[in-house]
Amino acid sequence: MNHVILVGRVTEISKEKNSLVLAISKHFKNEYGDYEEDLIPYQLFHYNFNILLEIGDVIGISGRLQMVDNKIIVVGDHLTIISRRSERG
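What counts and how
Residues numbered from 1 in each chain as written. Predicted model: local features only at pLDDT ≥ 70, side-chain atom pairs only at ≥ 80, totals over all residues. Heavy atoms only, no water. Pairing = 2+ DSSP bridges. Helix = DSSP H or I, 4+ residues; strand = E, 2+ residues; numbered from the N terminus. Axes fitted to C-alpha atoms, helices over the stretch in contact; angles between N-to-C directions. Buried < 20%, exposed > 50% of the residue type's maximum accessible area, 1.4 Å probe, protein only. Contact = heavy atoms within 4.5 Å.

J.: So what exactly am I meant to see when it comes to the sheet that holds strand β2 (residues 19–29) here?
T.: Backbone-to-backbone hydrogen bonds join strands into a sheet, with any given pair of strands oriented parallel or antiparallel. Spatially, five strands are ordered β1-β2-β3-β5-β4 in a closed barrel, and the strand pairing comes out mixed. Ignoring which end each strand starts from, the neighbouring axes of this sheet average 55 degrees apart.

J.: Help me out: how do you make sense of the environment of Asp38 in this one?
T.: Tracing the chain through its elements places Asp38 in strand β3 (residues 35–43). Relative accessible area serves as the criterion here: at 35%, Asp38 is assigned to the partly exposed category. For the pair Asp38 and Glu54, spaced 16 residues apart in sequence, the C-alpha to C-alpha distance is 19 Å. Once you skip the residues sitting within four places of it in the chain, Asp38 turns out to touch Leu22, Ala23, Ile24 and Lys26.

J.: Just checking my understanding: could you explain the pairing of β3 for this structure?
T.: Two faces make up the sheet, and in a regular strand the side chains alternate between them. Bridge count for β2 against β3 is eight bridges, and the pairing is antiparallel. Bridge pairing in β3 links Ala23 to Leu39. Taking the residues that link successive antiparallel strands as the turn, the β2-β3 hairpin has five residues, and the phi of Gly33 there is positive, at about 85 degrees. One ladder, built from two bridges, connects β3 with strand β5 (residues 71–83); its direction is parallel. Each bridged residue has a counterpart across the sheet, and for Tyr42 the counterpart in β5 is Val74.

Encoded structure:
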């Protein structure tokens, strides 16, 4: 079974590739007391989400892992907008 569910903040949107990068916070602090983030590439073929989303929006995604050009990306099945950057101020 190959299924992932992630929640994170949009940090980059590529309109040409219909892809984005999702920042997901780690659950522990580094040696400086800061929370680090992992940047996860995400691609969704079924929707044109680049007109719906903006940098800073928090979204939930589900999909599967896939190797593309020797990199692991999440290929999406579903995207849910949890909160918009513009609503948070």
